[in-house]
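# Chain and residue survey
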Amino acid sequence: MTVPTGRRERKKAATRQKIADTALRLFLERGYDAVGIRDVAAEADVAVTTLFSHFASKEALVFEQDADFEQRLQQAVTDRAPDEPLIPALRREVHAMVRHCTAEGSAPIYRMIDESRALREYEESMRLRHADALAAAIAADPGLDRSAMACRTIARFVIDAYALAREAADPQAALDEIFRMIEAAWEAA
């Protein structure tokens, strides 16, 4: 994610982070379904309209790093060295993301997501959007001569690798196993 440079941008980013942190704290303390948007806005000391200027929905408050996740995946494709193969670059980025989401203290968040139908559905739609964005980045790379279907398939595999590894007893080992399969699929495409 880009770091805001101007005073106004820094204040907006700080307000956004304050709202997200407040929402997550309230959701974990009281339960996702027991907390309303007005509760979050009041606790964060912002107007409901201010909350909605930063977050499109209540579910988006839980997934506040959504845009950063998508951007990081796209940059793994676009910012890799000219001679670096695609799959190792994606593997490295997904490893970093899985380390972050399996860090100490993240289990209650994912338990909350798993227990809420609305959050599970939001996460699924988010995954599909990330896969589409990643597929577009792969397809746009002139050095990767693959069909649109191959790009979409690999992108879905990468997004699913993240989700599957996050749930595994040994996330890093799971990613290693999954990415061996992704590498084989990419080579076969």
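Figured I'd write up the structure that's included with this text. Because the structure is a prediction, the values reported are computed rather than measured. Here, residues in each chain are numbered from 1, in the same order as that chain's written sequence. A pLDDT threshold of at least 70 governs which residues receive local features in this predicted model, and a stricter bar of 80 or more applies before side-chain atom pairs are shown or counted, although totals over entire chains, interfaces and linings include all residues. Heavy atoms from the whole structure form the basis of all side-chain values; hydrogens and water molecules are not counted.

Counting residues in each nonpolar core, the largest one holds 55 residues, and the members touching the most others are F27, V40, L90, I138, V158 and F179. A run of H or I in DSSP becomes a helix once it reaches four residues, and a run of E becomes a strand once it reaches two; helices and strands are each numbered from the N terminus. At eight residues, the largest contribution of residues to this core is made by helix 9 (residues 148-167). Residue contacts are counted whenever heavy atoms from the two residues lie within 4.5 Å of one another. Not counting the four nearest positions on each side in its chain, I138 is found in contact with V77, L86, L90, L144, C151, I154 and W186. Here the nonpolar core consists of buried residues drawn from Ala, Val, Leu, Ile, Met, Phe, Trp, Tyr and Cys, with membership extended through side-chain atoms lying within 4.5 Å. The buried label goes to any residue with under 20% of its type's maximum accessible area, the exposed label to any with over 50%, and the partly exposed label to all in between, with areas taken from a 1.4 Å probe on protein chains only.

A few words now on the pattern of salt bridges. Counted as salt bridges are all cases of a side-chain nitrogen of Lys or Arg within 4 Å of a carboxyl oxygen of Asp or Glu. The final tally for this structure, using the stated rule, is 13 salt bridges. The partner of R129 in a salt bridge is E70, with the nearest N and O atoms 2.8 Å apart. With R129 in helix 8 (residues 117-140) and E70 in helix 5 (residues 66-78), this pair connects stretches of sequence that are 59 residues apart. Among the salt bridges present, the one from R91 reaches D176, with a minimum N-O distance of 3.0 Å.

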